[in-house]
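Spelled out from the first residue to the last, the chains are:
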Amino acid sequence: MHHAGGDASLFSGWQHRLGEDLEVVPVNLPGRGGEPRAADLDELVDRLDEGLAPLLTGPHLVYGHSLGGLVGYELVRRRAARGLRAPEALFVGAFPAPEAAHTLESLDLDEDALIEFVLEITGMPREVLAYPDWVDSVTTALRDDLAVWRTHRDDPAPRLPCPIHVFAGTADPLVHRDRMTGWAQRTTSGFRLHEVDGGHFFVRDNRAEFLDLFHGVLAEYVASPPPALPWVLSAEDGAGLARQAARLRTHVEQHPELDLGSAAFALATATSAGGGTGSAARPHRAALVATDRSEALAALTALAEDGFAPNAVPAALAGAGPTAFLFTGQGSQRPGMGRELHAEYPVFATAIEEIAARFDRHLEQPLLEVMFAPQGSEPAALLHLTRYAQPALFALETALFRLVTDWGLAPGQVIGHSLGELVAAHVAGVFTLDDACELVAARARLMQSAPAGGAMIAIAADEAAVAEAIGRHGGGRVDVAAVNSPGATVISGEQEQAEAVAAALAATGVKTTRLRVSHAFHSLHMDGILEEFRAAARAVDYRAPRIPVVSNLTGRPAGADELGDPGYWVEHIRRPVRFAQGIGWLAEHGVRTFLELGPAPVLSALARTAAPEGGFAHALRAGLPERATLLTAVATLFTLGAEPDWPAVFGPVADRRPALVLPVDLLAAADGLPG
């Protein structure tokens, strides 16, 4: 897929769908933020060519995106020109991920269908639809690419414009050809995709050796990037906001010596309640998160001209009312989650280490070693076992809660999804940390010990339609496991009967998706562990919640008597997760702002349909830098009405600011300034 501006967020939105065995190495050429000089590119390619030569002797694919794709292309082209072994394939675009490719066959080429497909495969928020030029550029390119693909999908000869590239070899299955459904069998730039061992694509046998060498070769270019920092703006109306962005852009352009960190902090403190300039934040707000001048200028241009930039938070009208924190459930875990925040923020590091230490006595491997292990390693594989996944999610999400509350963000309500409700209950004060960890450890151990097998299937239909199909085809062996949105229901139970239910609904045109899970959770498969878990739940103490907890069982706030009843938590394992009803209750009672604390924006996507007027932010997303993603969430909450503790957010940057880094007229609300 071609797209305007080399939007890396398109790439990151689907990268994880290809497989998490990918290693992304940022390549920052000299002059980062502008067009790379030919001499710089030549030097980097020469160093790669020389340093990687010993490992470029076997079959493999090459991975790159944007500038990385250019470097990879040059490396392959030069080696081929010299008659040397070159990679089997080079893909340098943002074509839909292989996992999504099966939907291309039936994808209509009308505008609405293309837009929905783009949003699905990229993970982009629906807010991008506010930028028609961007939407037009993406959908036009996708339409062209689809036409080429359909014309040549059975012909391996033509060179098609848009691929993906990863190092591959003879170990660690990455993507099976069945998932590629034909399009990946084509060739690009004269190199054919390599197939070994019955149709799998693989990562190299000596992957660790390769990555060590890769990092070594790139050492001069992979310097730590500047820290991402939020820039926040506010004005009395939208026009004033655009003027402020334009004037800031001009100032940054005219002052290359400007200390960007200090400038960002000056803006934040000037637009906060009681800021140094006496200018509290106004109702119309926007923000951006940038690491350098080019990112700041691109986002300021977008905000000034009603355009699009991936690091800009669009203008919003700040509202009153509480913020609800959402805590993600099992299935969202991924290797490396929280690793960057652990290295960056002492509050987060202290919290996650404290929590992990409590779980370690229940586990064979230390929890943080499993969480932070490299993708594809043996320790990382443990993270997908329920016994490790639930403690890992509890540790990550509780540490995220401590960090954002240290930054002055507080929830008015909390809601989780399955395991996430135990996190919500703990941060609300129902459990002490010791008791919460004991209960989560017991829950994870017992749920993993339940009978394996069964099936969980997502059904794109409301609960009533699904319940009717279960009654006709479930044979008493299938349950509703979750109601995630008004039109998204999950069933769970015996495989044969669950598949019969799904098939009956699919025959009426309903979309069904088999979930990749080890157990049939929230079904009769859990019945055998309930009494033992009841004993564990009776062994902990309960307190009244300090923050209202919206219940998965009822879809409304749970009282202290409910949350303090061990039987509640037993039913919590067995009965459906009524997440959609919970979000609906929050929306009906004035909640318009939602922050998801978890490894990925899973719940945010579900909650939008139940709270269509809500504003959503998420702490982390696979494939994106953790600091920048979390700060974007903070900046988003600011635009929606929150007032973060900016000195806490900025940390050391706040302590090194000069006395004045921006003119006073740029720090004041801009609605009265000349255009």
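Residues numbered from 1 in each chain as written. Predicted model: local features only at pLDDT ≥ 70, side-chain atom pairs only at ≥ 80, totals over all residues. Heavy atoms only, no water.

1. With respect to the overall build of the protein
When its secondary structure is counted, the protein shows 29 helices and 18 strands. Here the protein holds 675 residues, and the buried ones make up 55% of them. Considering only contacts within the protein whose residues lie at least 6 apart along the sequence, 77% involve residues at least 24 apart. Accessible surface, the protein: about 26,600 Å² in total, of which carbon and sulfur atoms supply 53%. (Helix = DSSP H or I, 4+ residues; strand = E, 2+ residues; numbered from the N terminus. Buried < 20%, exposed > 50% of the residue type's maximum accessible area, 1.4 Å probe, protein only. Contact = heavy atoms within 4.5 Å. Areas by Shrake-Rupley, 256 points an atom, 1.4 Å probe, with all protein chains shown as cover.)

2. A short note on helix α13 (residues 346–360)
Taking 1.5 Å per residue, 15 residues should reach 21 Å; α13 reaches 21 Å between its end C-alpha atoms and fits that length. Within α13, burial applies to F348, A349, A351, I352, I355, A356 and F359. One side of α13 holds all its buried residues, which, seen down the axis, span an arc of 165°. Relative to its buried face, α13 has exposed residues pointing more than 90 degrees away, namely P346 and T350. On its buried face, α13 sits against α12 (339–344), α14 (367–371), α16 (386–406) and α18 (433–449). (Expected span 1.5 Å × (residues − 1). Arc of directions from axis to C-beta.)

3. Re helix α17 (residues 419–427)
By the criterion of burial, α17 is predominantly enclosed, with nine of the nine residues buried. For α17, every residue scored as buried is listed here: L419, G420, E421, L422, V423, A424, A425, H426 and V427. Of the residues flanking the end of α17, it is G429, one or two places downstream, whose phi is positive at about 100°.

4. What about the pairing of strand β12 (residues 455–459)?
Among the five residues that make up β12, four are buried, leaving the element largely enclosed by the rest of the structure. Here β12 pairs with strand β14 (residues 488–493) via five bridges, running antiparallel. In the sheet register, I457 faces β14, and the bridge partner there is I491. Strand direction decides the pairing type here: β12 and strand β15 (residues 512–514), joined by three bridges, are antiparallel. Paired with I457 across the strands is R514, a residue of β15. (Pairing = 2+ DSSP bridges.)

5. What about the nonpolar core?
Generally speaking, nonpolar side chains in soluble globular proteins are found buried as a group. W231, M371, I583 and F650 are the most contacted members of the largest nonpolar core, which totals 142 residues. Discounting chain neighbours no more than four positions away, the residues touching I583 are L326, I415, F594, A607, A610 and A611. Formed by 17 residues, the second largest nonpolar core is a distinct cluster that contains I457, V466, V478 and V483. (Core = buried A, V, L, I, M, F, W, Y, C linked by side-chain atoms within 4.5 Å.)

6. As for the packing of α13 against α16
Relative placement of two packed helices is described by the angle separating their axes and the distance separating the axes. Relative to each other, α13 and α16 sit at 150°, their axes nearing to 8 Å. By the angle class used here, α13 and α16 are roughly antiparallel. Along this stretch, α13 crosses α16, giving a crossing that reads as right-handed. For the pair α13 and α16, the contacting residues are V347, F348, A351, I352, E354, I355 and F359 in the first and P391, F394, A395, L396, T398, A399, L400, R402, L403 and D406 in the second. (Axes fitted to C-alpha atoms, helices over the stretch in contact; angles between N-to-C directions. Parallel < 35°, antiparallel > 145°, perpendicular 65-115°, else oblique. Left-handed = near helix turned anticlockwise from the far one by under 90°.)

7. Focus: the environment of A481
With respect to the helices and strands, the residue A481 is situated in strand β13 (residues 478–485). On a C-alpha basis, the gap between A481 and R578 in space is 8.8 Å, while along the polypeptide they are 97 residues apart. The contact partners of A481, leaving out residues within four places of it in the chain, are M456, V490, I491, S492, F521, H522, R575, P576 and V577.

8. A word on the packing of aromatic side chains
What characterises a pair of aromatic rings is the spacing of the ring centres plus the angle enclosed by the ring planes. Considering all chains together, one arrives at eleven aromatic pairs under this definition. Geometrically, the ring pair formed by F325 and F401 is edge-to-face, given 6.0 Å between the ring centres and 80° between the ring planes. Of the two residues, F325 sits in strand β10 (residues 323–327) while F401 sits in helix α16, which places them 76 residues apart along the sequence. Classification of F325 as buried rests on a relative accessible area of 0%. (Phe/Tyr/Trp six-rings, centres within 6.5 Å; stacked < 30°, edge-to-face > 60°.)

9. Some points on the pattern of salt bridges
Per the counting criterion, the structure on display carries 18 salt bridges. In this structure, the salt-bridge partner of E438 is R361, at a minimum N-O distance of 3.0 Å. Linking E438 in helix α18 with R361 in the loop between α13 and α14, this pair joins segments that are 77 residues apart in sequence. By relative accessible area, R361 is classed as exposed at 55%. Connected via shared salt-bridge partners are E354, R358, R402 and D434. (Salt bridge = Lys/Arg side-chain N within 4 Å of Asp/Glu carboxyl O.)

10. Points about the packing of helix α19 (residues 463–473) against helix α20 (residues 495–506)
Interhelical geometry of α19 versus α20 gives an angle of 125° and a closest axis separation of 9 Å. Comparing their axes, α20 and α19 come out oblique. Of the two elements, α19 crosses α20, and the hand of that crossing is right-handed. Facing α19, whose interface residues are A465, V466, A469, I470 and H473, α20 presents Q497, A500, V501, A504 and L505. For the contact of α19 with α20, the per-class residue count stands at eight nonpolar, two polar and no charged. (Nonpolar A, V, L, I, M, F, W, Y, C, P; charged D, E, K, R; others polar.)

11. Overview of the side chain of R574
Relative to the elements of secondary structure, R574 occurs in helix α23 (residues 566–574). A distance of 2.5 Å separates a polar atom in the side chain of R574 from a polar atom in the side chain of D527. Discounting residues that sit within four places of it in the chain, R574 has contacts with D479, H522, S523, L524, D527 and L530. (Polar contact = N/O pair within 3.5 Å; in protein donor to acceptor, adjacent residues only side chain to side chain.)

12. Thoughts on the confidence of the model for the protein
Scored by pLDDT, the protein has a mean of 75; 63% of the residues are at 70 or more. This model gives residues 57–70 a pLDDT under 50, and the stretch forms 54 contacts once residues within four places in sequence are excluded. Confidence drops under pLDDT 50 across residues 86–104; counting only partners more than four residues distant or on other chains, this segment forms 86 contacts. (pLDDT = per-residue confidence, 0-100.)

13. Here we look at unusual backbone geometry
At D306, a residue that is not glycine, the phi angle is positive and equals roughly 55°. Along the chain, D306 turns up in the loop between α11 (293–304) and β9 (312–317). Residue D306 is classed as exposed on the basis of its relative accessible area, which comes to 61%. The phi dihedral of S418 is positive, around 55°, even though this residue is not glycine. Its place among the elements puts S418 in the loop between β11 (413–416) and α17.

14. As for the sheet that holds strand β7 (residues 229–235)
Read across the sheet, three strands follow the order β7-β8-β9 without closing on themselves; strand pairing throughout is antiparallel. At either margin of the open sheet sits one strand with a lone partner, and together these are β7 and β9. Taken over all neighbouring pairs, the strand axes of this sheet differ in orientation by 15° on average, direction set aside. Across four bridges, strand β8 (residues 284–290) lies against β9 in antiparallel orientation.

15. Some details on the sheet that holds β13
Across the sheet, which stays open at both edges, the four strands sit in the order β13-β14-β12-β15 with antiparallel pairing between neighbours. One side of each edge strand has no neighbouring strand; the edge strands of this open sheet are β13 and β15. In this sheet, neighbouring strand axes are inclined to one another by 25° on average, regardless of whether the strands run parallel or antiparallel.

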